[in-house]
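Below, each chain spelled out in residue letters.
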Amino acid sequence: MADPIEISVNGATRVLTSPHTLMHLIEDLNIPVETLLIELNESALFQHEIPQRSLQPGDRIEMLRIAAGG
């Protein structure tokens, strides 16, 4: 098992345990991936990129949750 890493999520430091993947982070946050817009290190990701994206120490992630309503 790999060592935990520190990343930034919406400006807050977070420790991520193994596996170091974006999907693992999203599952830990208990947010449906299809409701998210994600930027990794100032680059927007397409939905199809999210499942395969691994994370490195110091990565900066910004997440916006899309919600329908009136």
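Please refer to the structure placed before this passage.
Residues numbered from 1 in each chain as written. Predicted model: local features only at pLDDT ≥ 70, side-chain atom pairs only at ≥ 80, totals over all residues. Heavy atoms only, no water.

**So, the environment of Glu 49**
Structurally, Glu 49 is set in the loop between β4 (43-44) and β5 (60-65). Here the alpha-carbon distance between Glu 49 and Ile 26, two residues 23 residues apart in the chain, equals 13 Å. (Helix = DSSP H or I, 4+ residues; strand = E, 2+ residues; numbered from the N terminus.)

**Some words on the sheet that holds strand β1 (residues 5-9)**
Taken in spatial order, the five strands of this open sheet run β2-β1-β5-β3-β4, and their pairing is mixed. Either end of the sheet is taken by a strand with one partner, and the two such strands are β2 (12-16) and β4. In the sheet, β1 pairs with β5 via two bridges, with the strands oriented parallel. Within β5, the residue paired with Val 9 across the bridge is Ile 61. (Pairing = 2+ DSSP bridges.)

**Considerations on a nonpolar patch on the surface**
Taken together, the side chains of Leu 37, Leu 64 and Ile 66 make up a nonpolar region of the molecular surface, amounting to roughly 300 Å² of accessible area. When you line up the elements, Leu 64 lands in strand β5. (Patch = residues over 30% accessible without salt bridge, like charges linked within 9 Å, V, L, I, M, F, W, Y side chains within 5 Å. Areas by Shrake-Rupley, 256 points an atom, 1.4 Å probe, with all protein chains shown as cover. Salt bridge = Lys/Arg side-chain N within 4 Å of Asp/Glu carboxyl O.)

Remember, this is a structural readout, not a statement about activity or role.
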